[in-house]
Amino acid sequence: ARATEFGQVMSELIQMPCGMLDCELQLPVVDLEPWQLADLAVQLQLPLDKSWSCNEDIPQPCGTCAGCRQRETAFIRAGRADADKREHNRVTARS
């Protein structure tokens, strides 16, 4: 709903200055729940080991931030294994 409205507004913002009224922003997965997106990504055999959800600025996903936890929850709800099951660095304190 809101995401769809956002896509429509963004399409209009692209169309007006460019004078390209047939140009339309496509957002095919914007209304999917995170678990649905995880399920679809596995079905499509996307390279999920190359994707990143961690909010921390570290070389490997921390496994504890909101992004890492949301990703883990999405895969659990989808009943799918996450291809990115690297050994997570557990961040206990920030320097």
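Residues numbered from 1 in each chain as written. Predicted model: local features only at pLDDT ≥ 70, side-chain atom pairs only at ≥ 80, totals over all residues. Heavy atoms only, no water.

**Q** Give a description of the side chain of Arg71 that names residues and reports values.
**A** Summarising the element assignment, Arg71 is placed in helix α3 (residues 66-78). Within polar-contact distance, the side chain of Arg71 engages the backbone oxygen of Leu48 at 3.1 Å. Within the local environment of Arg71, its side chain forms a polar contact with the side chain of Ser51, the two groups lying 2.9 Å apart. With residues up to four places along the chain from it excluded, the contact list for Arg71 reads Leu48, Ser51, Trp52, Ser53, Asp82 and Asp84. (Helix = DSSP H or I, 4+ residues; strand = E, 2+ residues; numbered from the N terminus. Polar contact = N/O pair within 3.5 Å; in protein donor to acceptor, adjacent residues only side chain to side chain. Contact = heavy atoms within 4.5 Å.)

**Q** An account of the packing of helix α2 (residues 34-43) against α3 is needed here, citing residue identities and associated values.
**A** Relative orientation of the contacting elements α2 and α3 amounts to 70°, with a least axis distance of 8 Å. Accordingly, the angle class assigned to the pair α2 and α3 is roughly perpendicular. Mapping the contact onto sequence places Pro34, Trp35, Ala38, Asp39 and Val42 in α2 and Ala74, Phe75, Arg77 and Ala78 in α3. Each residue belonging to the contact of α2 with α3 can be placed in one class, and the counts come to seven nonpolar, no polar and two charged. (Axes fitted to C-alpha atoms, helices over the stretch in contact; angles between N-to-C directions. Parallel < 35°, antiparallel > 145°, perpendicular 65-115°, else oblique. Nonpolar A, V, L, I, M, F, W, Y, C, P; charged D, E, K, R; others polar.)

**Q** Provide a residue-level description of the environment of Thr64, including the pertinent values.
**A** Along the chain, the position of Thr64 falls in the loop between α2 and α3. Between the C-alpha atom of Thr64 and that of Cys54, which follows or precedes it by 10 residues, the distance is 8.5 Å.

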